[in-house]
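These are the residues of each chain, in order.
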Amino acid sequence: MSTTNSTSLEETARRAVDLARRHGANEASATAGRMRELEVQWRDGRVEKVSEATTRGLSLQLFVDGRYSAVSTSDLRPEALERFISDSIAMTRVLTADAYRRLPEPEFYAGRASLDLMIEDPRQAQLSAEERQRFARELEEGARSADGKGAILSVTTGFGDLSREMFRVTSNGFEGGSRSTQFAASAEVSVQDPDGRRPEEGDSGFARFFEDLPSASALGRRAGERALGRVGSQKGASAVLPMAVDNKAAGRLVSMLLSSMVGAAIQQKRSFLDGKLGQQVGSSLLCLSDEPHLKRGLGSRLFDGEGITSRPMALFEEGVLRTYFIDSYYARKLQTRPTTGGPSNLSWKLGTKDRAGILADLGEGILVTGFLGGNSSALTGDFSLGVQGFRVRGGQLAEPISEMNISGNQLDLWKRLVAVGDDPYRYSTSRTPTLVFEGVQFAGT
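Engineer: Would you mind going over unusual backbone geometry with me for this structure?
Structural biologist: Outside of glycine, negative phi angles account for most residues, and trans bonds account for most peptide bonds. The phi dihedral of Met118 falls on the positive side, at around 55°, and the residue is not glycine. Within the secondary structure, Met118 is located in the loop between α2 (78–92) and α3 (129–144). A positive phi angle is found at Glu403, which is not glycine, with a value near 55°. With respect to the secondary-structure elements, Glu403 resides in strand β14 (residues 396–409).

Structural data, given as structure tokens:
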């Protein structure tokens, strides 16, 4: 990205804050951003869609006489911007006052590390249309290479990349920006089941650098194998069994846990983890931290959405809850210090075995490869989830299962964590390894 573009975003954000102050805002923050996205969709041997879009915009937080609003616009012309800000401040004046709404105290901006997080791939700007289409085509070829019996009906693949640039300015002293890239590849495969059903499965990968994506052929083949693995799947018998959760699927369980750790849920007494700081809420194998400075991490950042300096945080140590995700607003309500509004990259204390080794130790049980719908209550911790996967017999994958459910309570589930793999899923911010829980109730036939 050019220096001219960078300067333009900085100038836009600074001007917006200056205009907000001149029109009567006590405090203001502005984030100017630009994003360019390119995507190729490929279906059954031909290009289905090619798209390219560049967007830019400005988001504002306005604090006016104890009142607060958040607004945004894509019209950055000087005359339009001034009119937009003036109208927005007039609107803010009629809202209900909230004494807790202020910018973060400047002390939380201090000490920002000067680190190269390596989240921008210079190759992104040089990728050609031919390279993008070739990757999508090779994804399909990889998927079809897994099919030895002609069961695959259709393959849809996609390859996309984006570049993003942003700059944030606040009226109380924060200035900072970032530039980043991201690449995404996916393959969805539908197959013919002998009983007439057409199950679908797929795989995907995300990365900051193009070279960190799995190869198109390997990713496509995994998608094909996952789809073919659904052929013949049936609802298994109800039972209490050990449950291994595939590293890609395990992120669903983690997201349920983390959603109960945000400041809004804690302050409003809508979290089953409220009041449990320093208490054992999981087994000793639940060792999890938030790592915002992970190089090439999908969630890496030097500061969060408020400008608060990012720092590594222990979330769980040997099952003990160590912190919550609390932004400055809810920190004031809770009369505590802010941490950050949400997670960046998760880091696990890993075990010593891959999935195959874990299944060998499991002996008998179920490997969950995907969750299908369901719900989880942040208030009580109760959950009910549909699952699909495979029966495990003698430490090996056996018949595929589907349309089964698991239910329980998260406080009980995480205390049943008995094994953690050495295989974190690198293509998400959760970076979850294979997890094993003992004594899980499966509902089937």
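Engineer: Please explain the packing of aromatic side chains as it appears in this structure.
Structural biologist: What characterises a pair of aromatic rings is the spacing of the ring centres plus the angle enclosed by the ring planes. Scanning the model with the defined rule gives ten aromatic pairs in all. Between Phe63 and Tyr68, the aromatic rings sit 5.1 Å apart at their centres with planes inclined by 45°, giving tilted as the arrangement. Taking relative accessible area as the criterion, Phe63 reaches 5% and is therefore assigned buried. Between Tyr109 and Phe174 the ring centres are 5.2 Å apart and the planes differ by 55°, which places this aromatic pair in the tilted class. Within this pair, whereas Tyr109 is found in the loop between α2 and α3, its partner Phe174 is found in the loop between β4 (152–170) and β5 (175–191), the two being separated by 65 residues in sequence. Overall, the relative accessible area of 2% leaves Phe174 in the buried class. Among the aromatic residues, those joined into a cluster by ring pairs are Phe135, Phe159, Phe183 and Phe210.

Engineer: How should the pattern of salt bridges be read in this particular structure?
Structural biologist: Pairing between side chains of opposite charge can happen when the charged atoms of each approach one another. Here the structure, examined in full by the defined rule, presents 32 salt bridges. When the shortest N-O distance is used, the salt bridge between Glu105 and Arg102 registers 3.6 Å. Of the residues examined, Arg102 reaches a relative accessible area of 37% and is grouped as partly exposed. Several salt bridges share partner residues, and in doing so they unite Glu10, Arg14 and Glu175 into one network.

Engineer: Help me out: how do you make sense of the environment of Asp147 in this one?
Structural biologist: Secondary-structure assignment places Asp147 in the loop between α3 and β4. Accessibility expressed as a relative area gives 19% for Asp147, which makes it buried. With 44 residues separating them in the primary sequence, Asp147 and Val191 have C-alpha atoms 9.6 Å apart. Ignoring sequence-local partners within four residues, the contact set of Asp147 consists of Ile152 and Leu228. A polar contact is formed between the side chain of Asp147 and the backbone nitrogen of Lys149, at a distance of 3.2 Å.

Calculation rules
- Residues numbered from 1 in each chain as written.
- Predicted model: local features only at pLDDT ≥ 70, side-chain atom pairs only at ≥ 80, totals over all residues.
- Heavy atoms only, no water.
- Helix = DSSP H or I, 4+ residues; strand = E, 2+ residues; numbered from the N terminus.
- Phe/Tyr/Trp six-rings, centres within 6.5 Å; stacked < 30°, edge-to-face > 60°.
- Buried < 20%, exposed > 50% of the residue type's maximum accessible area, 1.4 Å probe, protein only.
- Salt bridge = Lys/Arg side-chain N within 4 Å of Asp/Glu carboxyl O.
- Contact = heavy atoms within 4.5 Å.
- Polar contact = N/O pair within 3.5 Å; in protein donor to acceptor, adjacent residues only side chain to side chain.

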